[in-house]
Amino acid sequence: MANNGSLKSTIAVSLTNYLDAGAIVAGASGLTLWQNYLCLGAAVGAIIGGFLADKYGRKFIFTYNLLVYMTGVLLIMLSMNFPMLLCGFLVTGISVGVGVPASWTYISESSEVNNRGRNICISQMSWGIGPMVILLLGMLFAPGGYLFGWVEQVAQLFIGTGQPEHVVNVFSSRIVFLSLFVVAFIAWNLQRQLQESAEFTKGQGEGAEKKPGVIDNIKVLFSNSIAVKTVCFLATIYLTWNLVASVMGFFQPHIYETAGGVTNEQANWMNFIQWFIIVGVTFITSKLIDKTSHKAIYVFGLVAALCAWLVIVTIGVNGPAGLWAFAILWGVQGGASPQIFYALWGSELFPAKFRAGAQGLMFFIVRGLSALWGLVFTYIYGDNGEGFTIAAYCMIALLAISLIVGVIGAPNTRGRALEDITKERYGENY
């Protein structure tokens with residue numbers, strides 16, 4: 001029964017990841033602009049939400065946060081002008097940032113020792129299913145898509161007939177965001193029924209009369225040398241990989257069209273297939289991660305990622321062979337990516353009192369720098385992909401750093417209770 005309990009709660013909490021990745025892909029048509037607002041919003045939300053989860057509990061975040069997400073999505077859906085649209089993306093991003101550290105923390109704390117890796121992988125699968133579903137809906141509802149006739153009917157219902165074409169076309173995007181609103185509402189109802197994490201409840205019982213404040217937890221985090229080293233290690237492996245992955249998440253269809261020379265529809269279908277591969281490989285990883293060396297899986301994922309970008313600087317992606325090799329290899333790496341281990345190790349290597357806060361801090365660093373990197377990448381890449389080879393070498397360097405640092409610092413936590421890991425690293429006082 002415990003096994004089923006942790007699986008059910010994992011699925012409920014993992015919907016946060018579906019909503020995060022889904023919002024990113026749904027806004028990808030705006031490229032850097034939406035990326036920056038979502039990333040910056042998520043960065044701000046993460047550092048706030050992580051420490052709030054440590055002070056008030058993981059359930060506190062689940063009870064209220066998705067209401068903020070639904071508000072942001074509603075603003076996007078109903079936007080009548082540019083500022084309203086940007087505000088919607090910023091609010092949505094903040095909610096995403098608030099929810100992610102609490103989600104990963106809760107999943108690890110509510111998992112059995114021999115299922116912790118599996119449950120984190122299920123969370124990652126949700127991150128892949130989000131883009132896959134949103135891409136499919138986007139293609140079906142887009143002008144010329146199979147369901148665009150229905151979109152036109154919805155538009156006529158709300159704004160009448162005889163409207164300009166671009167006004168009608170935007171309803172395809174509004175409907176895609178409506179799907180995120182519906183999923184967020186379902187997720188909110190599931191998450192607010194969850195029980196508080198036993199790890200958090202235990203900590204509150206030991207010192208219930210004096211709850212540490214957010215500033216107190218930040219001070220404790222930075223005053224502990226082991227915690228600081230752990231932040232540096234995890235932020236490095238996650239940031240260097242995420243700088244590449246964030247570019248792929250937003251610019252991939254554009255890259256396929258400009259560098260690969262395919263049509264927009266072909267690029268979207270390739271992207272869809274790639275996300276399908278990511279979900280499939282993540283499922284396989286979920287069956288292996290609690291029984292196999294973490295370091296071996298980590299190396300496998302990054303070697304696949306490096307091979308994907310080496311294809312670009314050797315074969316190139318101008319022909320179908322190189323383009324598909326790149327797409328498949330990047331899909332394979334996504335199923336064993338550093339993000340899985342960042343989520344897993346990030347919840348294992350910190351004590352419960354600042355576990356979510358530490359993850360929120362790292363998420364703040366990574367998403368904030370990813371937003372800045374998006375601007376740098378567009379400059380390197382050029383308007384028509386003329387700087388793609390130089391950009392590829394930058395990606396290879398970043399992935400190599402993630403590989404080397406991860407191999408050197410990979411912890412031995414598989415099959416161990418969170419309490420035991422904390423005692424070994426921090427002593428009895430944590």
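Check the entry above for the structure.
Described in the following lines is the structure provided in the data block.

Focus on the overall build of the protein
Right, on to step 1. In terms of regular secondary structure, the protein is built from 17 helices and zero strands.
Right, on to step 2. Relative to the 2.2 N^0.38 estimate, which gives 22 Å for 430 residues, the radius of gyration of the protein is 21 Å and therefore close to what a compact globule would have.
Right, on to step 3. Its C-alpha atoms put the protein at 70 × 50 × 40 Å along the principal axes.
Right, on to step 4. Within the protein, counting contacts between residues at least 6 apart in sequence, those at least 24 apart form 83% of the total.
Right, on to step 5. Surface summary for the protein: the accessible area is close to 17,600 Å², and the carbon and sulfur share equals 67%.

Re the packing of helix α4 (residues 82-109) against helix α5 (residues 116-141)
The angle between the axes and the distance between the axes are what describe a pair of packed helices.
Right, on to step 1. Two numbers describe how α4 lies on α5: the axes approach to 9 Å, and their chain directions differ by 145 degrees. Here Val-100, Trp-104, Ile-107 and Ser-108 of α4 lie close against α5, whose contacting residues are Arg-116, Asn-119, Ile-120, Ser-123 and Trp-127.
Right, on to step 2. Classifying every residue of the contact of α4 with α5 by side-chain character gives five nonpolar, three polar and one charged.

Overview of the environment of Phe-141
Right, on to step 1. Its place among the elements puts Phe-141 in helix α5.
Right, on to step 2. Those residues in contact with Phe-141 that lie beyond four places of it in its chain are Leu-147, Phe-148, Trp-150, Val-151, Ser-172, Ile-175 and Val-176.

Things to note about the nonpolar core
Right, on to step 1. Counting residues in each nonpolar core, the largest one holds 124 residues, and the members touching the most others are Trp-309, Trp-330 and Phe-350.
Right, on to step 2. With 16 residues, helix α10 (residues 225-258) is the single largest residue contributor to this core.
Right, on to step 3. Discounting residues that sit within four places of it in the chain, Phe-350 has contacts with Leu-221, Ala-227, Thr-230, Val-231, Leu-234, Arg-355, Ala-358, Met-362, Thr-422 and Tyr-426.

Remarks on helix α15 (residues 355-381)
Helical geometry note: an α-helix holds 3.6 residues per turn, so side chains three or four residues apart project in the same direction.
Right, on to step 1. Its 27 residues give α15 an end-to-end C-alpha distance of 38 Å, which sits within 8% of 39 Å, the value for a rise of 1.5 Å per residue.
Right, on to step 2. Of the residues trailing α15, Gly-382 is marked for its positive phi of about 90 degrees.

Topic: the packing of aromatic side chains
Right, on to step 1. All told, the structure shown has 22 aromatic pairs when counted by the stated rule.
Right, on to step 2. Both rings, one in Tyr-56 and one in Phe-60, keep their centres 5.2 Å apart while their planes meet at 35 degrees; by these two values the pair is tilted.
Right, on to step 3. With a centroid separation of 5.7 Å and an interplanar angle of 35 degrees, the aromatic rings of Phe-141 and Trp-150 are classed as tilted.
Right, on to step 4. A relative accessible area of 8% places Phe-141 in the buried class.
Right, on to step 5. The rings of Trp-104, Trp-127, Tyr-238, Trp-241, Tyr-342 and Phe-363 are connected pair by pair, giving a single aromatic cluster.
Right, on to step 6. Its guanidinium or amino end placed over the ring of Phe-171, Arg-174 lies 5.3 Å from that ring's centre, counting from NZ or CZ.

Cut-off values and rules
- Residues numbered from 1 in each chain as written.
- Predicted model: local features only at pLDDT ≥ 70, side-chain atom pairs only at ≥ 80, totals over all residues.
- Heavy atoms only, no water.
- Helix = DSSP H or I, 4+ residues; strand = E, 2+ residues; numbered from the N terminus.
- Rg over C-alpha atoms; globule rule 2.2 N^0.38 Å.
- Contact = heavy atoms within 4.5 Å.
- Areas by Shrake-Rupley, 256 points an atom, 1.4 Å probe, with all protein chains shown as cover.
- Axes fitted to C-alpha atoms, helices over the stretch in contact; angles between N-to-C directions.
- Nonpolar A, V, L, I, M, F, W, Y, C, P; charged D, E, K, R; others polar.
- Core = buried A, V, L, I, M, F, W, Y, C linked by side-chain atoms within 4.5 Å.
- Buried < 20%, exposed > 50% of the residue type's maximum accessible area, 1.4 Å probe, protein only.
- Expected span 1.5 Å × (residues − 1).
- Phe/Tyr/Trp six-rings, centres within 6.5 Å; stacked < 30°, edge-to-face > 60°.
- Lys NZ or Arg CZ within 6 Å of the ring centre and 35° of its normal.

Keep in mind these values describe shape, not function.
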